[in-house]
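Fold and contact review
Listed here are the chains, written in short residue letters.
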Amino acid sequence: MPFPLALPCVLERARQLFARQEIVSRRPDRTFVRYTYADFCRRSRALAEQLQRAGLQRGDRVATLMWNHAPHLECYFGVPCAGGVAHTLNLRLHPNEIAYIANHAGDRFLVVDDVLLPLFEKFRDQVKFQRVLVHSFSGAPVPAGYENYEDFLAGASGNFSYPEFDENEAAAMCYTSGTTGNPKGVLYSHRSIVLHAFALSLTDSMGIGHNEVVLPLQSMFHAAAWGYPYAAVMMGSKLVFPGPHLDAASVLELLTNERVTVTGGVPTVWIGVLEAMEKNPGRWKFAPGLRTIIAGSAPPESMMRRLARHGIQPRHLWGMTETSPLATICYPKNHFCDWNEDQIAQLRTKQGLPLPFVEIRAVDDDNKIVPTDGVTMGELEVRGPWVAGSYFNSPQDQHRWTADGWYKTGDIATIDDEGYLQVTDRAKDLIKSGGEWISSVDVENALVAHPAVREAAVIAVPHPKWAERPIAVVVKRDGVAIGEADLRDFLLQHFSKWQVPDAFVFVDELPHTSTGKMLKYELRKRYRDWDWSKAVASD
C-alpha cells in the first residue's frame, strides 16, 4: 500500500494515542513549564495553520534561533506540517556566520527566543526575514516592535488540514561548518526523518519507546538534536528539555528528579557531570537502565568506565550532519559474552556497527575498498536512506559524493572483520571542541591577514575538559611587535570566543615538507603536552 512516511502521521499518532504524556521545559530562571502532548499537538497544528495564512509556500524555510524547549519542538513539527522546512540556526556561531547561513538558505520567517534577541540584533541588518516571531522564553513581555509568538498561535481557527505530502519533500534543514570554507546546508526529508526515528527506537540503538523519559542534552539547533525529538514524539515518550542550563548540577537534577532513562550529549557535558558526581558520591540516584549516547568527539575509555561505575550506560556513535546524524552505534555482540571488562571497555570506544540500511566502507587513495581487518586505514564512505545526497544550493561540492552514490566523509577509519568501525584520524585538519567543529584553515587565513603575521598554523591539542582546543603557532614579520592579546582581539572580529585559539605560540619558523606543505603532524606532536593552566579559559 502506498503510504507516505511523513511527519503529519507522527504528530497525529501522538495526538490520538499519547495526549496525556508530559513534556517538561526549563526556563532561563530555572523554573519549569509542564504541558501535555495534547497541548503540543494543538499548538503545532496552530503554528502550521498560521504559517500557511502568512503565505508560507511549499519548501519555504522557517528559521529558528532557540534553546531546547517545547516551543522549539512545536517548530520541529508545525513548520514541516505546513509544507515548510524547519531550519535551525546555530546560536553558538558568530553573528556574521549566522547571517550568511540564513541568507544562503533563503529563510523567509524567523522564530526566536526573547533571550536571544541581543544576538539577533547583531546581524538583523544583514538578513531579510519577512516576519520575526518572538517566543517569550523568559516569561517577560515581548519587546515593542516584535511580533509575539503566542499571539500568532492564538489567531488559529483550529480547523487546520494537512497538505498532501511526497515523503521525499524536505522537512528540516541544518548547516554544517565541519569543512573549510562556507557552511553547507543539509536537507532532511520527511522519509529520512521518520526512518531515522525508527532507527533510534531499535533495541540495539537507543531503544526509545513509550515508557522512556528522554532528555536531549544535545542542542536542538544542531543536527536535529540527533533525532531524539522526532523519535520521542513518534513513540510517545516523556520529553524533558534543559533550556540553556547544561551545567553539571542542572543536568544531574533533571536526570534524578525526572527519572530520565535516555539522554545524550557531547563529552564536555559528561566531564562536568562526572566531576560533580565524584565530588559528591551517592548524592544523585538515577533511574535503572539510564543510558546515554556520547558523540561529537570520541570519548576516552576512562570516561566510559567512570560513567558505567555511576550507573549510566554509555553508548558511542558515529555520525555527521550529513547522516542525520546517527549512522553507527557501538554495542558488544552476543558471542563476546566471555570477554572481560577491559576488552568490553576497549570495544566501546569504537564507533561501532552501522544501523540497518546504513552501509559503510573505507577506500584507499586509488578508490579501492580496503580490507576489513581492523588495521588497514582508508577514507570512510557511507550511504543510506537518511544520508544526504547533496548539499543545498552548492553544486560545486558535489565531488563529496562518488559516482555510485557514497558520501565521502573525510574521516580516516578502519573496519574490522566483525564490522566495527573505528575512526582513526581526520583527513582535514579540523578541531572538534566540546562537540563543535572549528576549521583550523579558516582561523589560519584570518591570522595571516593580520599585518604583523607572516605565517600561522592552528592545531588541535588534547584538552581535559573540551576534548580538543586550538592553539596557534605564529611566525611574526621581522621587526614587528605583536602579542597574544592583539591577535585574540583581531580574531574576535570574525569568530566567536570558543572558536579562537586559547594560546598563541610565537616561533621563528614552521616545519614544512620539501614541497612546502605544512607539517601539522609535527606541530601536534610537539605541543601535545601543552600546559593548559597558562592558557585563556574557554567558554
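Scoring rules and cut-offs
Residues numbered from 1 in each chain as written. Predicted model: local features only at pLDDT ≥ 70, side-chain atom pairs only at ≥ 80, totals over all residues. Heavy atoms only, no water. Helix = DSSP H or I, 4+ residues; strand = E, 2+ residues; numbered from the N terminus. Rg over C-alpha atoms; globule rule 2.2 N^0.38 Å. Buried < 20%, exposed > 50% of the residue type's maximum accessible area, 1.4 Å probe, protein only. Contact = heavy atoms within 4.5 Å. Areas by Shrake-Rupley, 256 points an atom, 1.4 Å probe, with all protein chains shown as cover. Pairing = 2+ DSSP bridges. Axes fitted to C-alpha atoms, helices over the stretch in contact; angles between N-to-C directions. Parallel < 35°, antiparallel > 145°, perpendicular 65-115°, else oblique. Nonpolar A, V, L, I, M, F, W, Y, C, P; charged D, E, K, R; others polar. Left-handed = near helix turned anticlockwise from the far one by under 90°. Salt bridge = Lys/Arg side-chain N within 4 Å of Asp/Glu carboxyl O. Phe/Tyr/Trp six-rings, centres within 6.5 Å; stacked < 30°, edge-to-face > 60°. Lys NZ or Arg CZ within 6 Å of the ring centre and 35° of its normal.

With that settled, the discussion passes to the overall build of the protein chain. A count of helices and strands for the protein chain gives 15 helices and 25 strands. A compact globule built from 539 residues should have a C-alpha radius of gyration of about 24 Å, and the protein chain, at 23 Å, falls within 12% of that. Considering the protein chain as a whole, with its 539 residues, one finds that 58% of them fall into the buried category. Once local pairs closer than 6 in sequence are excluded, the contacts in the protein chain between residues at least 24 apart make up 68%. Put simply, the protein chain shows about 22500 Å² of open surface, and 50% of that area lies on carbon and sulfur atoms.

Read across the open sheet, the three strands follow the order β23-β24-β25; overall the sheet is mixed. Both outer strands of the open sheet, β23 (453-463) and β25 (503-506), are each paired with one neighbouring strand and no more. Averaged over neighbouring strand pairs, the angle between their axes works out to 25 degrees when direction is ignored. In this sheet, β25 lies alongside strand β24 (residues 467-476) in parallel orientation, the contact comprising four bridges. Residue pairing in the sheet places I471 in a bridge with A503 of β25. Across the sheet, helix α13 (residues 440-448) is in contact with β23, β24 and β25; its angle to β23 comes to roughly 145 degrees. Against the sheet, helix α14 (residues 484-491) makes contact with β23, β24 and β25, and its axis sits at roughly 125 degrees relative to β25, the strand it touches most.

We now examine the environment of Q493. Looking at the element boundaries, Q493 is found in the loop between α14 and β25. Along the chain, Q493 and H87 lie 406 residues apart, while their C-alpha atoms are 26 Å from each other. With sequence-adjacent residues up to four places away left out, Q493 is seen in contact with H94 and N96.

Structurally, S302 can be placed in helix α11 (residues 301-309). The exposure class of S302 is partly exposed, given its relative accessible area of 41%. A sequence separation of 296 residues divides S302 from A6, and the C-alpha atoms of the two residues are 41 Å apart.

It is worth spelling out the packing of helix α1 (residues 7-17) against helix α8 (residues 228-235) at this point. Between α1 and α8, whose axes approach to 7 Å, the crossing angle comes to 50 degrees. The orientation of α1 with respect to α8, classified from their angle, is oblique. Contacts between α1 and α8 involve L7, V10, R13 and A14 from the first element and Y230, V233, M234 and M235 from the second. Its residues assigned to classes, the contact of α1 with α8 shows seven nonpolar, no polar and one charged.

The seven strands are arranged β7-β6-β5-β3-β4-β8-β9 in an open sheet whose pairing can be described as mixed. The open sheet has two edge strands, β7 (147-148) and β9 (184-189), and neither has a second partner. Looking at chain direction, strand β8 (residues 170-176) and β9 are connected through six bridges and run antiparallel. By the bridge assignment for β9, T176 is matched with K184.

Another aspect to go through is the packing of α13 against α14. Here α13 crosses α14 at 115 degrees, and the two axes come no closer than 10 Å. Between α13 and α14, the angle is such that the two are roughly perpendicular. Judged by the twist between their axes, the crossing of α13 over α14 is right-handed. The residues of α14 that touch α13, namely those facing V443, A446 and L447, are L487, F490 and L491. Tallied by class, the residues present in the contact of α13 with α14 amount to six nonpolar, no polar and no charged.

A separate point is helix α4 (residues 95-105). Most of α4 sits out of view: eight of its 11 residues are buried. Taken together, the buried residues of α4 touch β3 (61-65), β4 (85-88), α5 (117-123) and β8. Looking one or two places after α4, you find G106, whose phi comes out positive at around 70 degrees.

Turning next to the pattern of salt bridges. Evaluated as defined, the whole model comprises 30 salt bridges. R305 serves as the salt-bridge partner of E341, at 3.7 Å between the closest nitrogen and oxygen. In this pair, E341 is assigned in helix α12 (residues 341-347) and R305 in helix α11, connecting sequence segments 36 residues apart. Given the relative accessible area of 61%, E341 is considered exposed. Note that D342 is salt-bridged to R305, the shortest N-O span being 2.8 Å. One end of the pair, D342, is in helix α12; the other, R305, is in helix α11, with 37 residues separating them in the sequence.

With that settled, the discussion passes to the packing of aromatic side chains. Tallying each qualifying case throughout the model produces 13 aromatic pairs. Consider the rings of Y527 and W530, whose centres lie 6.1 Å apart with planes at 65 degrees: the pair is edge-to-face. On the basis of relative accessibility, which here comes to 26%, the residue W530 falls in the partly exposed class. An aromatic cluster is present here, built from Y37, F40, Y76, F77 and Y230 joined pairwise through their rings. Over the aromatic face of F165 sits the side chain of R58, whose NZ or CZ is 5.1 Å from the ring centroid. One cation-aromatic arrangement involves K476 over F506; the distance from NZ or CZ to the ring centre is 5.1 Å.

Just distances and angles here, no functional claims.
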